[in-house]
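# Chains, contacts and geometry: an overview
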Amino acid sequence: IAGITQAPTSQILAAGRRMTLRCTQDMRHNAMYWYRQDLGLGLRLIHYSNTAGTTGKGEVPDGYSVSRANTDDFPLTLASAVPSQTSVYFCASSAWTSGVNTGELFFGEGSRLTVL
Amino acid sequence: GQNIDQPTEMTATEGAIVQINCTYQTSGFNGLFWYQQHAGEAPTFLSYNVLDGLEEKGRFSSFLSRSKGYSYLLLKELQMKDSASYLCAFTDKLIFGTGTRLQVFP
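Please read all numbers here as calculations on a predicted model, not as lab measurements.

## Focus: the state of the cysteines
Residues and elements named next belong to chain B. Evaluation of the coordinates by the stated rule reveals two disulfides over all chains. Here Cys22 connects covalently by a disulfide to Cys88, the sulfurs 2.0 Å from one another. Because the sign of the S-S torsion sets the handedness, a value of about 75° for the bond joining Cys22 and Cys88 places this disulfide among the right-handed ones. In this pair, Cys22 sits in strand E3 (residues 18-25) while Cys88 sits in strand E9 (residues 84-90), placing the two residues 66 residues apart along the sequence. You'll find Cys22 and Cys88 in the same group, each marked buried.

## Some words on the layout of surface pockets
In this structure, the largest pocket spans a volume of roughly 740 Å³. If you go around the largest pocket, you meet 28 residues; those closest to its centre are Gln37, Asp38 and Leu39 of chain A together with Gln37 and Ser85 of chain B. Of all the elements in the fold, those that place two or more residues in the lining of the largest pocket are strand E4 (31-38), strand E9 (87-94) and strand E11 (111-115) of chain A together with E9 and strand E10 (100-105) of chain B. It is E9 of chain B that provides the largest number of residues to the lining of the largest pocket, a total of three residues. Taken together, the residues of the lining of the largest pocket sort by class into eight nonpolar, 14 polar and six charged.

## Some details on the environment of Leu75 of chain B
Residues and elements named next belong to chain B. For Leu75, the position within the fold is in strand E8 (residues 70-75). Look at Leu75 and you get buried, because its relative accessible area is 0%. Each C-alpha atom, one on Leu75 and one on Arg59, is 5.9 Å from the other, the two residues being 16 residues apart in sequence. When neighbours within four sequence positions are excluded, Leu75 is seen to be in contact with Ala16, Ile17, Val18, Ile20, Arg59, Phe60, Asp82, Tyr86 and Leu102.

Reading the values: rules and limits
Residues numbered from 1 in each chain as written. Chains lettered and ligands numbered in written order. Predicted model: local features only at pLDDT ≥ 70, side-chain atom pairs only at ≥ 80, totals over all residues. Heavy atoms only, no water. Disulfide = S-S within 2.5 Å. Helix = DSSP H or I, 4+ residues; strand = E, 2+ residues; numbered from the N terminus. Buried < 20%, exposed > 50% of the residue type's maximum accessible area, 1.4 Å probe, protein only. 1 Å grid on protein atoms, 1.4 Å probe; cavity = no way out; pocket = protein on both sides within 12 Å on 5 of 7 lines; lining within 4 Å. Points joined across faces, edges and corners; volume = space filled by probe spheres on them. Nonpolar A, V, L, I, M, F, W, Y, C, P; charged D, E, K, R; others polar. Contact = heavy atoms within 4.5 Å.

Laid out in structure tokens, this is it:
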């Protein structure tokens, strides 16, 4: 049982470099999300996608981009990483019903990113 | 806008009962989740409330009052393994509170 798989689990990156965090789910959930979690700030939504082909901005979208070419994959790209993007990144998915999220979020194990 | 408030930290004793509160303000409401997160791990689902009242699930219960913008998570018969952060979140907006870190002592 895989659920949601994130890669890499950990990465150290030089500032200015481009980085893509991968997220794949095998539950056929229509909605997927990217969060960052920082000490004292909790989970903050970066971007989301309610269905393949659509994406939306969350609370903290600046410096990040996403794509949703198919149901299973939802990569998060940092075009030019900065130290303030050092964080733990969680991908999640859920099943929507009639446009409302009534289903629980299933989280990946997280990707710890350090930008120096 | 939307806002969720939770206490930052709580402590309790093994075997006791603890109540973790969550107050919120939002325009439009479709339900509230509670999640548990152990240090270094991903959050896991505990409960979902969309109607007023108490939802019981084993040692854990969650209560919602929509008119008061208030929810709480009740943990009974505390065990050491319940030491974790507890997060409440709006369902449709996927906005999380900062979480309450609970430490259970023997």
